[in-house]
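Each chain, written out:
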Amino acid sequence: MWKLEDFESYPALLVMFICNHCPFVIHLKKDIVKLTDFYMKKGLGVIAISSNSVLTHPQDGPEFMAEDAKVFKYPFPYLYDESQDIARAFGAVCTPELFLFKKDGRRPFQLFYHGQFDNSRPSNNMPITGRDLSIAIDCVLSGQQLPSAPKPSVGCSIKWHPDKTK
């Protein structure tokens, strides 16, 4: 169990909604690890959450998440949102979906960036750069404003429990 208070000492917090099966996430996994590892060394707090229903997508459940985290050497906690309440609270709708928060003194975290990793997709042959997220993290860590409006995340929809609709 993790709480927001566990990240109070960080100047910024990246919350990533990811999962194991989504081709968009699979496409970025190695580069997500590289980028987060780099920025965690600069003080960024990072957490990943899978909110997909294990009723419809058992491969996105905790046992398989633990395997994935080990195989890809996730440097961040990878948590399971069994109730899907966290995804609903964030307004997350897809994987990968990225939320970057800034901490300003004693005030609570404030949303700074909600957008894509970069323009690369599994089928567009564009190189994976992490450019959009890197620019946002650089800005938040240096106290600058974003140079342009974020592009929305693109990916697989969150798989809601069959008995619950969003």
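Per an unreviewed UniProt entry, the protein goes by glutaredoxin-dependent peroxiredoxin and derives from Acorus calamus. The UniProt entry for the protein carries this comment under Sequence similarities (unreviewed entry): "Belongs to the peroxiredoxin family. Prx5 subfamily." A UniProt comment under Catalytic activity (unreviewed entry) is attached to the protein, and it reads "[glutaredoxin]-dithiol + a hydroperoxide = [glutaredoxin]-disulfide + an alcohol + H2O".

Caption draft 1: Up close: the packing of aromatic side chains. With the rule as written, the count across this model stands at 10 aromatic pairs. Note on Tyr74 and Tyr78: the rings are 5.3 Å apart at their centroids and 70° apart in plane angle, and the pair reads as edge-to-face. Judged by its relative accessible area of 12%, Tyr78 falls in the buried class. By the ring-pair criterion, three or more aromatic residues cluster together here, those being Phe17, Phe90, Phe99 and Phe101. The ring centre of Phe109 lies 5.7 Å from the NZ or CZ of Lys103, which sits over that ring.

Procedures and definitions
- Residues numbered from 1 in each chain as written.
- Predicted model: local features only at pLDDT ≥ 70, side-chain atom pairs only at ≥ 80, totals over all residues.
- Heavy atoms only, no water.
- UniProt positions renumbered as here; feature names shortened; annotations may be inferred.
- Phe/Tyr/Trp six-rings, centres within 6.5 Å; stacked < 30°, edge-to-face > 60°.
- Buried < 20%, exposed > 50% of the residue type's maximum accessible area, 1.4 Å probe, protein only.
- Lys NZ or Arg CZ within 6 Å of the ring centre and 35° of its normal.

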